[in-house]
Amino acid sequence: PLKPHRLNLLYPVGLPADKSCSCSKNWYQQNIKEKTKGTKNAVRMKYEFRKLCQLLPKKDRRKYFWTCYKGYEDFFTYDRNISKKRWRPCNLKATNELTDCCLVGYFVHRFANVKVRNFLNSKGVAVDERALILSELIQFVWRSNIRTKEEKKVTVFIPAFELLKDFKDWIQE
C-alpha cells in the first residue's frame, strides 16, 4: 500500500548483458583516467546513454537529466553530446525543476560508509545496504516526470548491473 502508483511507466534499461560496469567510485577511478579518456566499458556506457538521448523526439531532446560522481562529469560531456547543464548531484532531493524529464541517467552505485555502517552494527543496528542504495536511486528518479499527472513513460538508464536488477525487482514486487 505504500508503493507509489504508476510504476508501470518506469522503463529501466542498462548495458545489455554486461556485469563488468559496477559504477562504484572505485570502478570510476580504474576506468576513467582523464576527461577525454576512458576504458572501453566507460566509453560504451556513455555511448549507450547518448543513443537514448538521441532517441527522444526532437522537441524533447533536452528533457533528460543524469548523474555521476562529482569530478567525472567532464568525461560524459567532453564531446558535447550530453549536456553538462543536465547533470545533477546523485543525492538530489526536493526539486520540481525536472518534472518535464522523461529520461534519467544514473551512473553511480554508492554504498554505505564503512565507518558509519560498522559503528551502527556495533550498536546493534543492522544496515540494509540494498534498501539504502535503492532508496537513493528511487529518490533521484522521482525528480522526473513520473510524479506528474502526465502518462509519459520514463526511461531510467542504469549501467550498474546489480543496481538495475534490484530496481527491476523493486518495481515488480
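Quantities reported herein were computed from a predicted structural model and do not represent experimental measurements. (Residues numbered from 1 in each chain as written. Predicted model: local features only at pLDDT ≥ 70, side-chain atom pairs only at ≥ 80, totals over all residues. Heavy atoms only, no water.)

Engineer: Help me understand the sheet that holds strand β4 (residues 154-157) in this model?
Structural biologist: Strands in a sheet are paired, the pairing made by backbone hydrogen bonds, and the direction either parallel or antiparallel. Taking strand neighbours across the sheet as the criterion, the four strands line up as β1-β4-β3-β2 in an open arrangement whose pairing is parallel. Only two strands of the sheet have a single neighbouring strand rather than two, namely β1 (10-13) and β2 (64-67). The sheet shows a mean angle of 15° between the axes of neighbouring strands, taken without regard to direction. Both β2 and strand β3 (residues 103-106) contribute to a ladder of four bridges, which runs parallel. When the sheet's bridge partners are listed, W66 is paired in β3 with G105. Each of β1, β2, β3 and β4 touches helix α5 (residues 129-141); the most contacted strand, β3, lies at about 150° to it. Strands in contact with helix α6 (residues 161-172) are β1, β3 and β4; relative to β1, the strand with the most contacts, it is inclined by about 155°. (Pairing = 2+ DSSP bridges. Helix = DSSP H or I, 4+ residues; strand = E, 2+ residues; numbered from the N terminus. Axes fitted to C-alpha atoms, helices over the stretch in contact; angles between N-to-C directions. Contact = heavy atoms within 4.5 Å.)

Engineer: Sorry if this is basic, but what is going on with the nonpolar core here?
Structural biologist: As a rule of thumb, soluble globular proteins bury nonpolar side chains together. Counting residues in each nonpolar core, the largest one holds 54 residues, and the members touching the most others are L10, Y28, M45, F49, W66, F107 and F167. When residues of this core are assigned to their parent elements, the largest contribution, six residues, is made by α5. (Core = buried A, V, L, I, M, F, W, Y, C linked by side-chain atoms within 4.5 Å. Buried < 20%, exposed > 50% of the residue type's maximum accessible area, 1.4 Å probe, protein only.)

Engineer: Would you mind going over the environment of R6 with me for this structure?
Structural biologist: Looking at the secondary structure, you find R6 in the segment before β1. A sequence separation of 147 residues divides R6 from K153, and the C-alpha atoms of the two residues are 9.5 Å apart. Those residues in contact with R6, other than ones at most four positions away along the chain, are N145, I146, R147, T148, K149, E150 and E151.

Engineer: Before we go on, may I ask you to explain the packing of aromatic side chains in this structure?
Structural biologist: The way to describe two aromatic rings as a pair is by their centre distance and the angle between their planes. Tallied over the full model, the rule gives 14 aromatic pairs. A centroid spacing of 5.5 Å and a plane angle of 55° characterise the contact between Y106 and F140, whose relative ring orientation is tilted. With Y106 in strand β3 and F140 in helix α5, this pair connects stretches of sequence that are 34 residues apart. Side by side, Y106 and F140 carry an identical accessibility label, which is buried. Residues F167 and W170 carry aromatic rings whose centres are separated by 6.1 Å and whose planes lie at 15° to one another, so their mutual orientation is stacked. Here F167 pairs with W170, and both are found in helix α6, just three residues apart, close to one helical turn. Relative accessible area serves as the criterion here: at 0%, F167 is assigned to the buried category. Here a set of aromatic residues connected by ring pairs shows up, and it is made of F49, Y64, W66, F75, F76, F107 and F157. In this arrangement the basic side chain of K46 is found over the ring face of F75, its NZ or CZ atom lying 4.5 Å from the centre. Note that K153 overlies the ring of Y11, its terminal NZ or CZ placed 4.6 Å from the centroid. (Phe/Tyr/Trp six-rings, centres within 6.5 Å; stacked < 30°, edge-to-face > 60°. Lys NZ or Arg CZ within 6 Å of the ring centre and 35° of its normal.)

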